[in-house]
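This is what each chain is made of:
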Amino acid sequence: MNVTIDGYVSYICTHCKETYNVEGKSLAFHEDTSPESEDDEFIRYIARLDAPCTSCTQGMLITLEVWEHPESVANYSYYSGGNVSAVECEFTIEHYFDDEVAMKEGDHGEPEKDPSSEDDADEKVFNEASKVEGYTDQYDHED
C-alpha cells in the first residue's frame, strides 16, 4: 500500500517578508523508521523544505512532521524553521493500492482463511428455502 500526503504549507521570509505557499504534493514525505517510532501507535512522516528566498537569497529551512493515527487521519502537523515566520500548514493522508508495486513485492496467493469460520462450515446452509410451519385447524366440523 502507498501513502499520499496532500495539503499546503505557507510561510514568510523573516528578512524581506516575501510570502510563500507550497503544495504538499511537491514535498517528499518519508516515514520515520527509527527504532523509537516502532513503539508508538502512530506513524510519523517527515519532510524538509530547504530553499533560499527568491527575493533576498536568505536560506530558509522548514521541517514538517505529520502524525497519522488512526489510519488515514492526520492528527498533527508540526513545523520548525530557520529564517521563516508565520508558518501555517494543513495536511491530509490517503492510502492507495498500487498493483505494480504489489507484484514486485511478493507472492499473491490465495487469501488466508479465517480459522473460526471452518468449524461451523458444515452447519451453514445458504440459498435454501426456509420451512415455515403454518397453522392447521384441528376443529371438527359438524355437518
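As shown above, the structure is provided for reference.
Residues numbered from 1 in each chain as written. Predicted model: local features only at pLDDT ≥ 70, side-chain atom pairs only at ≥ 80, totals over all residues. Heavy atoms only, no water.

**Q** Just checking my understanding: could you explain the side chain of Gln58 for this structure?
**A** Summarising the element assignment, Gln58 is placed in the loop between strand E4 (43-52) and strand E5 (59-68). Residues in contact with Gln58, not counting those within four places in the same chain, are Cys13, Thr14, His15, Ala51, Pro52, Cys53 and Asn83. (Helix = DSSP H or I, 4+ residues; strand = E, 2+ residues; numbered from the N terminus. Contact = heavy atoms within 4.5 Å.)

**Q** For this particular structure, what's the right way to read the pattern of salt bridges?
**A** Two side chains with opposite charge may pair up if their charged atoms get near one another. By the definition in use, this model includes two salt bridges. For Asp32, the salt bridge identified is with Arg44, shortest N-O distance 2.6 Å. Of this pair, Asp32 sits in the loop between strand E3 (30-31) and E4 while Arg44 sits in strand E4; the two residues are 12 residues apart in sequence, bridging distant segments of the chain. Each member of the pair, Asp32 as well as Arg44, carries the same accessibility label: buried. Glu65 is the salt-bridge partner of Arg44, the closest N and O atoms lying 3.5 Å from each other. In this pair, Arg44 is assigned in strand E4 and Glu65 in strand E5, connecting sequence segments 21 residues apart. (Salt bridge = Lys/Arg side-chain N within 4 Å of Asp/Glu carboxyl O. Buried < 20%, exposed > 50% of the residue type's maximum accessible area, 1.4 Å probe, protein only.)

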